[in-house]
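Chain by chain, the residues:
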Amino acid sequence: MNTSHGNAVRRYALVSPDADLDIQEAVLEALPQEVNPYGGHATDFVIHRAFGSSAGMRGLVADTAELAKDRYPPNRLATRLIDALGGPDRYCFGHVAICGYRLGQEDELLLCGLSDSQCHLITQVYSAVYEQA
């Protein structure tokens, strides 16, 4: 995962264990700290694949979240949201960030901000999942 695109502010979604969804803007290099406030690293996974010039979506979680459940509470809503968006079958703990990504040269993964349509999709699916919870 490469976040080297300068210090540009980009849009991303953050789902808290308290079932809150916030669309925020920040420098994407700060995302690992958003999902892992204890100073560790973040692990990322594909939610929607990027094709050609179309950006995909990736999720980010703390790399130690599954092992340190005392620090990272279960995030049931993020788990359901990612599943409903077509992402991998995985249970999430702690804060979960969703950002865009595109393919660079030699299929290098480059994080980018979410587009308007991706934000709309995330909020619509979140609303449906939240109502069912």
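Residues numbered from 1 in each chain as written. Predicted model: local features only at pLDDT ≥ 70, side-chain atom pairs only at ≥ 80, totals over all residues. Heavy atoms only, no water.

(A) The packing of helix H2 (residues 76-84) against helix H3 (residues 116-132), seen in detail. Look at H2 against H3: their axes get within 9 Å of each other, and the N-to-C directions meet at 125 degrees. Classified by the angle between their axes, H2 and H3 sit oblique to one another. The hand of the H2/H3 crossing is right-handed. Facing H2, whose interface residues are Leu77, Arg80, Leu81 and Ala84, H3 presents Ile122, Val125, Tyr126, Val129 and Tyr130. Class assignment for the residues of the contact of H2 with H3 results in 8 nonpolar, no polar and 1 charged. (Axes fitted to C-alpha atoms, helices over the stretch in contact; angles between N-to-C directions. Helix = DSSP H or I, 4+ residues; strand = E, 2+ residues; numbered from the N terminus. Parallel < 35°, antiparallel > 145°, perpendicular 65-115°, else oblique. Left-handed = near helix turned anticlockwise from the far one by under 90°. Contact = heavy atoms within 4.5 Å. Nonpolar A, V, L, I, M, F, W, Y, C, P; charged D, E, K, R; others polar.)

(B) Broad picture of the pattern of salt bridges. Overall, the coordinates contain 3 salt bridges when judged by the stated rule. Arg11 is the salt-bridge partner of Asp116, the closest N and O atoms lying 2.7 Å from each other. With a gap of 105 residues between them, Asp116 in helix H3 and Arg11 in strand E1 (residues 9-15) connect regions that are remote in the sequence. On the basis of relative accessibility, which here comes to 57%, the residue Asp116 falls in the exposed class. Judged by relative accessible area, which is 23%, Arg11 ranks as partly exposed. (Salt bridge = Lys/Arg side-chain N within 4 Å of Asp/Glu carboxyl O. Buried < 20%, exposed > 50% of the residue type's maximum accessible area, 1.4 Å probe, protein only.)

(C) View of the nonpolar core. Ile47, Leu81, Leu85, Ile98, Leu114 and Ile122 are the most contacted members of the largest nonpolar core, which has 22 residues in total. Looking at this core, the elements with two or more residues in it are E1, strand E3 (42-48), strand E4 (56-62), H2, strand E5 (96-103) and H3. Sort the elements by how many residues they give to this core and H3 lands first, with 5 residues. In this view, Ile47 contacts Met57, Arg58, Gly59, Ile82, Leu85, Gly86, Gly87 and Ile98; residues no more than four positions away in its chain are not counted. (Core = buried A, V, L, I, M, F, W, Y, C linked by side-chain atoms within 4.5 Å.)

(D) Inspection of unusual backbone geometry at higher detail. Phi is positive for Ala19, close to 75 degrees, though the residue is something other than glycine. Its place among the elements puts Ala19 in the loop between E1 and strand E2 (21-27).

(E) Highlighting the pairing of E4. With respect to burial, E4 is a largely interior element, 7 of its 7 residues being buried. Looking at chain direction, E3 and E4 are connected through 6 bridges and run antiparallel. Bridge pairing in E4 links Val46 to Arg58. When E4 meets E5, the two strands line up antiparallel, connected through 5 bridges. Note that in E5 the partner of Leu60 across the bridge is Ala97. (Pairing = 2+ DSSP bridges.)

(F) Region of interest: the environment of Leu14. Looking at the secondary structure, you find Leu14 in strand E1. On a C-alpha basis, the gap between Leu14 and His95 in space is 6.8 Å, while along the polypeptide they are 81 residues apart. Among all residues touching Leu14, those that are not within four sequence positions of it are Asp20, Leu21, Asp22, Gln24, Glu34, Val35, His95, Val96 and Ala97.

(G) Seen up close, the side chain of Asn75. In this fold, Asn75 is placed in the loop between E4 and H2. Side-chain polar atoms of Asn75 contact the backbone nitrogen of Ala78, separated by 3.0 Å. A distance of 2.8 Å separates a polar atom in the side chain of Asn75 from the backbone oxygen of Gly94. Beyond its immediate sequence surroundings of up to four residues, Asn75 is in contact with Val15, Ser16, Pro17, Tyr91, Cys92, Phe93, Gly94, His95 and Val96. (Polar contact = N/O pair within 3.5 Å; in protein donor to acceptor, adjacent residues only side chain to side chain.)

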